[in-house]
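Analysis of the macromolecular model
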Amino acid sequence: VTIGMDTNSKNLPKELCHTHFTALTVKNALVDKCRMERSDGARPDVNIENPDVPILVALRASSTGGGGAHVSVYRSLNGFESLHKHGYRAEDNAIHKAAMKESMASGLLYECGWHLLVAQAKKDSMPALLVDPMTGSGTFCIEAAMMAADVAPGLMRIKSTTQTNNGNNENVMWMPPALRWRSSDASLWKRLIQEAQEREKKGRQWIIGKNPTTGQRNCRILGNEINESAYKLALQGSQRANFSSVIEFRKGNCEEWKLAEQIIEGRTIVVVNPPWGLRLNEEEADVDNSWLALKTFLREECAGAEAWVLSGNKDLTRLLKMKKTRSVPLSTAAESLRWLQYHIFQN
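Going along each chain's sequence as written, the residues are numbered from 1 onward. Since the coordinates come from a predicted model, pLDDT governs what is reported: local features require at least 70, and pairs of side-chain atoms require 80 or more to be given and counted, while whole-chain, interface and lining totals use all residues. As a rule here, side-chain values cover all heavy atoms of the structure and leave hydrogens and water aside.

Let's talk about the nonpolar core
Let me state the cut-off plainly: Residues enter a nonpolar core if they are buried and are Ala, Val, Leu, Ile, Met, Phe, Trp, Tyr or Cys, with the set joined through side-chain atoms within 4.5 Å. Summary of the burial criterion: residues with accessible area below 20% of their type's maximum are buried, those above 50% are exposed, and those between are partly exposed, where the area comes from a 1.4 Å probe applied to protein chains only. Think of it this way: any DSSP run of H or I at least four residues long counts as a helix, any run of E at least two long counts as a strand, and we number them from the N terminus.
Membership of the largest hydrophobic core comes to 70 residues, with the highest contact counts inside it found for Leu109, Trp114, Ile221, Phe243, Ile247, Val271 and Trp339. When residues of this core are assigned to their parent elements, the largest contribution, eight residues, is made by helix 4 (residues 139–148). The next biggest cluster of nonpolar side chains, apart from the first, holds seven residues, and it includes Val26, Val53, Ile55 and Ala178.

This is the structure we're talking about:
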């Protein structure tokens, strides 16, 4: 048995602020307890990369004062890797500095009903179209492709091989820690993986298929990005996810993107995460111009579509001069956001 430690702390007295020392102290206590309980006196080994029993220690300052803290000790089902990662971003963590978390993009796509449009397309053989005019590193587009192809969120990570710090190549997600515990059912896990792989195979066949009568693709996903480095990251992410033949990326200003003839009324969803001026350190004029370009694109090229805009700045949102039909509040980190719906009609 191997164990690993991680700590999470908040508003602690200074004596407990050294998280490494805290983790080491708890680890030593657990190891000593194991030695006392075992008849042979053996101690568990420590593996910080892929332990059998990952331990998370959460420390919170005591509400009653006096400099103490409340301690909670958890076993982690999946290890120390966050489940928001879906496996298509570069291993060196080279991502766009304002990139959205994969799980957040997926949740927003569910909120706007992309999965429902895809389900309808699979029933009536009419196409589903998703457009992102400011795609950044392509998160919305790639997540939309995964949903349309019925790819389980963690399946790419499960199928990949990761090189650990000690140079060993091992898949830490194929057999997560919880499956090494006595109460686990490894055969059920393997059966679920097999089912997910079969669904992905069918989904990928559908997403690249065409309607035999009209010749139209079952699903089209279009992305546009003006920034060169972000555009390259989008292409890389799409390639890693094996969606290069599915997602069509364009480099340029969305204001100049002529797309009106490709919009399918009632079958097109536009999603966009424009800059808010909070995380990219752009000049105020550049941020304003981005929103003005978005306004032009939505009004001139997206008649008949349903648009969803993520905004963290209500003053910038007003630049669109459009009437929203829904506003979904959400928060990420310290930012309060709105997921705004617009129905775009022909002038």
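A word on the packing of helix 2 (residues 102–112) against helix 4
Spelled out, the test is: Helix axes are fitted only over the stretch in contact, all axes being lines through C-alpha atoms; the angle between N-to-C directions runs from 0 to 180 degrees. Working definition: roughly parallel below 35 degrees, roughly antiparallel above 145 degrees, roughly perpendicular at 65 to 115 degrees, and oblique for all remaining angles. Crossing handedness follows the turn of the near helix against the far one: under a right angle anticlockwise gives a left-handed crossing, and clockwise gives a right-handed one. A contact between two residues is defined here by any heavy atoms of the two lying within 4.5 Å. In this classification, the charged set is Asp, Glu, Lys and Arg, the nonpolar set is Ala, Val, Leu, Ile, Met, Phe, Trp, Tyr, Cys and Pro, and all remaining amino acids, among them Gly, are polar.
Interhelical geometry of helix 2 versus helix 4 gives an angle of 65° and a closest axis separation of 9 Å. In terms of orientation, helix 2 and helix 4 fall into the roughly perpendicular class. Considering the relative orientation of helix 2 and helix 4, their crossing is right-handed. For the pair formed by helix 2 and helix 4, the contact residues are Glu102, Ala105, Ser106, Leu108, Leu109 and Tyr110 on the first element and Thr139, Phe140, Glu143, Ala144 and Met147 on the second. The residue makeup of the contact of helix 2 with helix 4, split by class, is seven nonpolar, two polar and two charged.

Considering the packing of aromatic side chains
Where two aromatic rings form a pair, the distance of their centres and the angle of their planes describe that pair. Just so we agree on the cut-off: Pairing of aromatic rings covers Phe, Tyr and Trp, the last counted by its six-membered ring, and requires centre-to-centre distances within 6.5 Å; plane angles under 30 degrees mean stacked, over 60 mean edge-to-face, and any other angle means tilted. Here, a charge over a ring is recorded when the distance from Lys NZ or Arg CZ to the ring centre is within 6 Å and its angle to the ring normal is within 35 degrees.
Enumeration over the complete set of coordinates arrives at three aromatic pairs. Each ring, one from Phe140 and one from Trp339, has its centre 5.7 Å from the other, and the planes form 25°; the classification is stacked. One end of the pair, Phe140, is in helix 4; the other, Trp339, is in strand 13 (residues 335–343), and 199 residues separate them in sequence. Summarising the burial analysis for this pair, Phe140 and Trp339 share the class buried. Measuring from centroid to centroid gives 5.5 Å for Trp257 and Phe297, while their planes differ by 10°, and the two rings are stacked. Residue Trp257 is located in the loop between strand 9 (247–251) and strand 10 (268–272), and its partner Phe297 is located in helix 8 (residues 284–301); the two are separated by 40 residues in the primary sequence. Both residues of the pair, Trp257 and Phe297, belong to the buried class. Every member of this aromatic cluster is reached through a ring pair, and the members are Phe140, Trp308 and Trp339. Between Lys122 and the ring centre of Trp206, over which it is positioned, the NZ or CZ distance is 5.1 Å.

Quick word on helix 1 (residues 19–37)
Our working rule: Between the first and last residue of a helix there are one fewer steps than residues, each counted as 1.5 Å, and that sum is the expected span. What the arc covers is the set of directions going from the helix axis to the C-beta atoms.
Under the 1.5 Å per step criterion, the end-to-end length of helix 1 is 27 Å for 19 residues, consistent within 8% with the ideal 27 Å. Along helix 1, the residues classified as buried are Thr22, Ala23, Val26, Lys27 and Val31. End-on view of helix 1: buried residues confined to an arc of 165°, all on one side of the axis. Exposed and oriented more than 90 degrees from the buried face of helix 1 are Phe21 and Met36.

Digging into the packing of helix 3 (residues 114–124) against helix 4
Interaxial distance between helix 3 and helix 4 falls to 10 Å at its minimum, and their mutual angle equals 45°. Classified by the interaxial angle, the pair formed by helix 3 and helix 4 is oblique. Between helix 3 and helix 4 lies a crossing of right-handed hand. Note on element contacts: helix 4 touches helix 3 through Ala144, Met147 and Ala148, opposite Trp114, His115, Val118 and Lys122. Classifying every residue of the contact of helix 3 with helix 4 gives five nonpolar, one polar and one charged.

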